[in-house]
Amino acid sequence: MKKYRIYQVDSFTKNRFYGNPAGVVPNANGLTDEQMQRIARELNNSETAFIFETDSSNYDVEVRFFTPTTEVPICGHATVAAHYIYAIERKAETGRIIQKTKAGILPVDVIKYEDDYSIVMTQGEPSVSEPLNDEIRSRIANALGISCKDICMEYPVAISSTGHSKVMVPIYSNEILHSLKPDLQKLTEISKHIGCNGYYVFTLNPQEDILVHGRMFAPAIGIAEDPVTGNANGPLGAYLVHYNILQNENEQSFDFDILQGEAIKREGTMHVHVKKEQGKPVLVQITGKAVIAFSTEIIL
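Starting afresh in each chain, residues are numbered from 1 along the sequence in its written order. Only residues with pLDDT of at least 70 are given local features in this predicted model, and only at 80 or more are side-chain atom pairs given and counted; all residues enter the totals for whole chains, interfaces and linings. As a rule here, side-chain values cover all heavy atoms of the structure and leave hydrogens and water aside.

When the centres of two rings from Phe, Tyr and Trp lie within 6.5 Å, Trp using its six-membered ring, the rings pair. Their planes under 30 degrees apart give stacked, over 60 give edge-to-face, and anything left gives tilted. A full pass over the atoms with the stated rule returns 6 aromatic pairs. Here F202 and Y239 contribute two aromatic rings whose centre-to-centre distance is 6.0 Å and whose plane-to-plane angle is 80 degrees, an arrangement assigned as edge-to-face. With F202 in strand 12 (residues 199–204) and Y239 in helix 6 (residues 230–242), the pair connects residues that are 37 residues apart, well separated along the chain. Judged by its relative accessible area of 1%, F202 is buried. Between F254 and F256, the aromatic rings sit 5.2 Å apart at their centres with planes inclined by 40 degrees, giving tilted as the arrangement. Considered together, F254 and F256 belong to a single accessibility category, that of buried residues. What links up through ring pairs into an aromatic cluster is the set Y200, F202, Y239 and Y243. Note on conventions: DSSP H or I runs of at least 4 residues are helices, E runs of at least 2 residues are strands, and numbering of each starts at the N terminus. Per-residue accessibility, obtained with a 1.4 Å probe over protein chains only, is compared with the maximum for each type, and a residue is labelled buried under 20%, exposed over 50%, and partly exposed between these values.

Encoded structure:
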């Protein structure tokens, strides 16, 4: 029998009960896959992160991520939550942690300010698909309950990944964005066809301080809607650079802020940084804050 610490952390916010909630188990050594899956199901967050200590010289910790129904390779908001707790428990100073995930070995930067922390997550290698065809665009529009004309005609619908892929669906109107009531079964069926489980529906607002407003749906992996999604907004940055959308060709990076979760009253923000080489994305980072909602212990 062992005592495990469990935290509920709201990521991409400093206000409890906003942003994106994630479970964190910072002392996960000894848990089986089945136990981790059951803990994730019990907490019922979109993801729960499990931190494993290691003796490896190649990385500092291993982090595994579970939705209520399955393990996923990586998760943005749960990475922020996990390393926020890791920093708090160790009273960390500003520095870099190397984490092993199912998406690869990746750095996480902890930035201390006053008595709190921001977390900078370097995501996996950017990869952006060719535009999806008109039939898939039409099926996605139908599943979202909107017209094909509501999807930006000048921009492609495409799959983008920085470790965990999402379909990028640009639409014209914030009003339409916040009124979406998608058919989750139809989205799940499309996911099986195209091999991508998540849909990031977003608007671009270059006249505002907040460039992106978005919503993310991933019913194929048990997530009806994710409030604020690092693994959607990082890939979005790669997509925008790859397709030369709102880009200044003379700049070597692209930075923007996003606001997500408005429609479900869990607003949160993050900063996205994309490094460019020859007009293509080569490195993607997201920065977010977090707050502990509550903590407890269990014995297994």
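Glancing now at the environment of Y172. Among the structural elements, Y172 can be located in the loop between strand 11 (166–170) and helix 4 (174–179). The exposure class assigned to Y172 is partly exposed, which follows from its relative accessible area of 43%. Residues Y172 and K149, 23 residues apart in the sequence, show an inter-C-alpha distance of 8.9 Å. Every residue pair with non-hydrogen atoms within 4.5 Å of one another is taken to be in contact. In contact with Y172, not counting residues within four places along its chain, are K149, D150, I151, C152, M153, E154 and T203. Within polar-contact distance, the side chain of Y172 engages the side chain of E154 at 2.7 Å. By the criterion applied in these results, polar contacts are pairs of N or O atoms within 3.5 Å in which, for protein atoms, one can donate a hydrogen and the other can accept it, and in which residues neighboring in sequence qualify only through two side-chain atoms.

Position of V284 relative to the elements: it lies in strand 17 (residues 280–288). A residue is classified by how much of its surface remains accessible, and V284, at 0% relative accessible area, is buried. For V284 and N45, which are 239 residues apart along the polypeptide, the C-alpha to C-alpha distance reads 25 Å. Those residues in contact with V284 that sit more than four places away from it in its chain are M121, T122, Q123, P126, T162, G234, A238, H273 and V274.

Below, the discussion takes up helix 6. Structural remark: α-helix, 3.6 residues per turn; residues separated by three or four positions point the same way. Here, expected helix span is obtained from the residue count minus one, scaled by 1.5 Å. Taking 1.5 Å per residue, 13 residues should reach 18 Å; helix 6 reaches 18 Å between its end C-alpha atoms and fits that length. Of all 13 residues that make up helix 6, 12 are buried, and the element is covered over most of its length. Along helix 6, the positions that sit buried rather than exposed are G230, N231, A232, N233, G234, P235, L236, G237, A238, Y239, L240 and V241. Where helix 6 terminates, the next one or two residues include N244, which has phi positive at roughly 55 degrees.

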